[in-house]
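Commentary on secondary and tertiary structure
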Amino acid sequence: MKALVYGGPGQKQWTEKPMPAVEKPTDVIVKIATTTICGTDLHILKGDVPAVTVGRTLGHEGVGIVEEVGAAVRNFRKGDRVLISCITSCGSCPNCKRQLYSHCSDGGWILGHLIDGTQADYVRIPHGDNSLYPIPAGADEEALVMLSDILPTGFEIGVLAGQVKPGDTVAIIGAGPIGMATLLTAQFYSPGRIIMVDMDENRLEVARSFGATDTIRVGGEDAVARIMEMTDGVGVDVAIEAVGVPTTFDLCQQVVAPGGRIANVGVHGKSTELHLEKLWIQNISISMGLVNTNTTAMLMKTVQSGRLDPARLITHRFALSDIVAAYEVFGNAAREKAMKVILSA
C-alpha cells in the first residue's frame, strides 16, 4: 500500500509501506476513503513533536470502510463505513472511565504520533469498538471527517473549557480550521459577541460568514486596543487561543476581563510567558488540553440534524495520491486561501 511517511523535520514522502495487520483481538483494519491534513501534522513536520519518529505514517483523521476485525471486536464488521476518532480509547482504564480518553493508558493520541496514522491506503485502529463511530446512511462523509478532530477540539478545549455562556463576549485568536471550529460550536451557547482575530483578511471574511460579529486584522490595527475599545475598557469574558505561538497567548492575557477565562487550544512548540504577576489579582481561569472526543457522538447528531455544517470548512479537494501537493497548499494556507483540504482514495 501507499502512505505519507515522515522522514524527519521538513521531510515527507508518499511511498510504499507494508499493509497493517491485526495485532490484537480488539484491532480493526480500515481502508481509508477520505482523510485530511491537520495543523498538528505541520507542527510534526517542523520538528515540534519529537515523539514522532522517522518512518511514521502521519494523519489522525478520516472516514473509511472496515476491511478486517479482530476476534474481540463486537460493534463492527467488514464493509461497515466508519468515522475514525483522532483519540484511541480502551474504554476500561481509570482515565477512560472518567472520559479522559486522551490519556487512555493504552491509547490517547497515538495515530500518526506513536503508531502509523490515517494518511495511507489502510490503517490499523486499536480498540476499534471504542475508537470508531458508525456512519449513518446517506451522511456527508467529507463533512464527517471534520468530526475526527477539529470540531471536538474546538468545542471541548475552546468552548466547553472556556465555559462560554449566553451573552458572553468571546475573542477567538486565530481564524484557522481550529478557530473556525471553535467559532461554529461557540454559537451553541448564544454568546452576545464573537470577535475573530487573525492576520489574514480572507479568513476573517470567512469568519464573518460563519457568524463572527466582529473581526480584527492583526497588522492592520492594534488588536488589544481595538478589543478594549469594543468592550468599553473591560475586556472579554472568554479569550480562546487557537494558534499555538507565544504572541497569540499573550494577546489573550492582555484582553481577558476580570473574572474571565483563557482557553488555550493551540499546539505550542516552545515556552510561553505567563504573566501571573498581572493575572492573579484579576481572578482569571486558564485551561488547556488535548481533546477527549467525548462529544463526538453528540456533534455527529448536530451535523445530521443540519444544525452544524462542517462541510463549509472544506476549501480544497485532492486525490489521496496527490497528498504531497495537498500539503503544499495547506502549508501555504494564506496564499492559497485554504482552510481544510479533503483527500479521497
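Each value, and the rule that gives it
- Residues numbered from 1 in each chain as written.
- Predicted model: local features only at pLDDT ≥ 70, side-chain atom pairs only at ≥ 80, totals over all residues.
- Heavy atoms only, no water.
- Core = buried A, V, L, I, M, F, W, Y, C linked by side-chain atoms within 4.5 Å.
- Buried < 20%, exposed > 50% of the residue type's maximum accessible area, 1.4 Å probe, protein only.
- Contact = heavy atoms within 4.5 Å.
- Helix = DSSP H or I, 4+ residues; strand = E, 2+ residues; numbered from the N terminus.
- Polar contact = N/O pair within 3.5 Å; in protein donor to acceptor, adjacent residues only side chain to side chain.
- Axes fitted to C-alpha atoms, helices over the stretch in contact; angles between N-to-C directions.
- Parallel < 35°, antiparallel > 145°, perpendicular 65-115°, else oblique.
- Left-handed = near helix turned anticlockwise from the far one by under 90°.
- Pairing = 2+ DSSP bridges.
- Salt bridge = Lys/Arg side-chain N within 4 Å of Asp/Glu carboxyl O.
- Right-handed = clockwise from strand over helix to strand, strands pointing away.

Quick look at the nonpolar core
Residues Met180, Leu183 and Met196 are the most contacted members of the largest nonpolar core, which totals 86 residues. In contact with methionine 180, not counting residues within four places along its chain, are Ala175, Met196, Arg203, Val206, Ala207, Phe210, Leu313 and Met339. Counting 19 residues, the second-largest nonpolar core is a separate cluster that includes Ile195, Leu251, Ile262 and Ile284.

Points about the environment of aspartate 27
Locating aspartate 27 in the fold gives a position in the loop between strand S2 (12–16) and strand S3 (28–36). On the basis of relative accessibility, which here comes to 0%, the residue aspartate 27 falls in the buried class. The sequence separation of aspartate 27 and valine 73 amounts to 46 residues, and the corresponding C-alpha distance is 7.2 Å. At a separation of 2.9 Å, a polar atom in the side chain of aspartate 27 contacts the main-chain amide nitrogen of lysine 24. Reaching out from aspartate 27, the side chain makes a polar contact with the side chain of arginine 124 at a distance of 3.0 Å.

Considering unusual backbone geometry
Only a minority of non-glycine residues have a phi that is not negative, and only a minority of peptide bonds are not trans. Even without glycine at this site, glutamine 99 takes up a positive phi of about 65°. Of note, glutamine 99 is situated in the loop between helix H2 (94–97) and strand S6 (122–125).

Section: helix H6 (residues 177–186)
Taking burial as the measure, the 10 residues of H6 include 10 buried ones, the bulk of the element. Of the residues making up H6, those classed as buried are Pro177, Ile178, Gly179, Met180, Ala181, Thr182, Leu183, Leu184, Thr185 and Ala186.

Quick look at the packing of helix H5 (residues 150–160) against helix H11 (residues 296–305)
Contact pair H5 / H11: the axes reach a minimum separation of 10 Å and the direction vectors enclose 110°. Taken together, the axis directions place H5 and H11 in an arrangement best described as roughly perpendicular. Considering only the axes of H5 and H11, their crossing is right-handed. Packed against H5, whose contacting residues are Leu151, Pro152 and Phe155, the element H11 presents Thr296, Met298 and Leu299 at the interface.

A short note on the side chain of threonine 36
Structurally, threonine 36 is set in strand S3. From its side chain, threonine 36 meets the backbone oxygen of valine 341 in a polar contact 2.5 Å long. When residues no more than four places from it in sequence are discounted, the contact partners of threonine 36 are Asp41, Glu61, Gln119, Val145, Lys340, Val341 and Leu343.

Details of the pairing of S6
Where burial is concerned, the two faces of S6 agree: the one with Tyr122 and Arg124 and the one with Val123 and Ile125 are both buried. Of the strand pairs in this sheet, S3 and S6 are connected by 4 bridges, and their pairing is antiparallel. Bridging from a neighbouring strand, lysine 31 pairs with tyrosine 122 of S6.

Remarks on the pattern of salt bridges
Enumeration over the complete set of coordinates arrives at 15 salt bridges. Here glutamate 229 makes a salt bridge to arginine 226, at a shortest N to O gap of 3.6 Å. One end of the pair, glutamate 229, and the other, arginine 226, are both in helix H8 (residues 223–230), 3 residues apart, so they sit about a helical turn from each other. Here arginine 226 falls in the partly exposed class, since its relative accessible area comes to 28%.

A closer look at H5
Taking burial as the measure, the 11 residues of H5 include 10 buried ones, the bulk of the element. Within H5, burial applies to Ile150, Leu151, Pro152, Thr153, Gly154, Phe155, Glu156, Ile157, Gly158 and Val159. If you follow the buried residues of H5, they end up packed against H6, strand S11 (236–241), strand S12 (256–264), strand S13 (285–288), H11 and strand S15 (340–344).

Section: the sheet that holds S11
Ordered in space as S10-S9-S8-S11-S12-S13, the 6 strands form an open sheet in which the pairing is parallel. The sheet is open, and its two edges are formed by strand S10 (214–217) and S13, each paired on a single side. Each adjacent strand pair in this sheet contributes to an overall mean axis angle of 15°, direction not counted. Bridge count between S12 and S13: 4 bridges; the pairing is parallel. Pairing of arginine 261 across the sheet is with serine 285, part of S13.

Description of the side chain of lysine 340
When you line up the elements, lysine 340 lands in strand S15. Those residues within four positions of lysine 340 in sequence are excluded, and the remaining contacts are Thr36, Ile37, Cys38, Glu61, Met146, Ile150, Pro177, Leu313, Ile314, Thr315 and His316.

With respect to the pairing of S12
Counting buried positions along S12 gives 7 out of 9 residues, so the element sits mostly inside the fold. Relative to S12, S11 is paired through 5 bridges, and the arrangement is parallel. Bridging from a neighbouring strand, valine 238 pairs with arginine 261 of S12. Between S11 and its parallel partner S12, the chain crosses via helix H9 (residues 246–255), and the hand of that crossover is right-handed.

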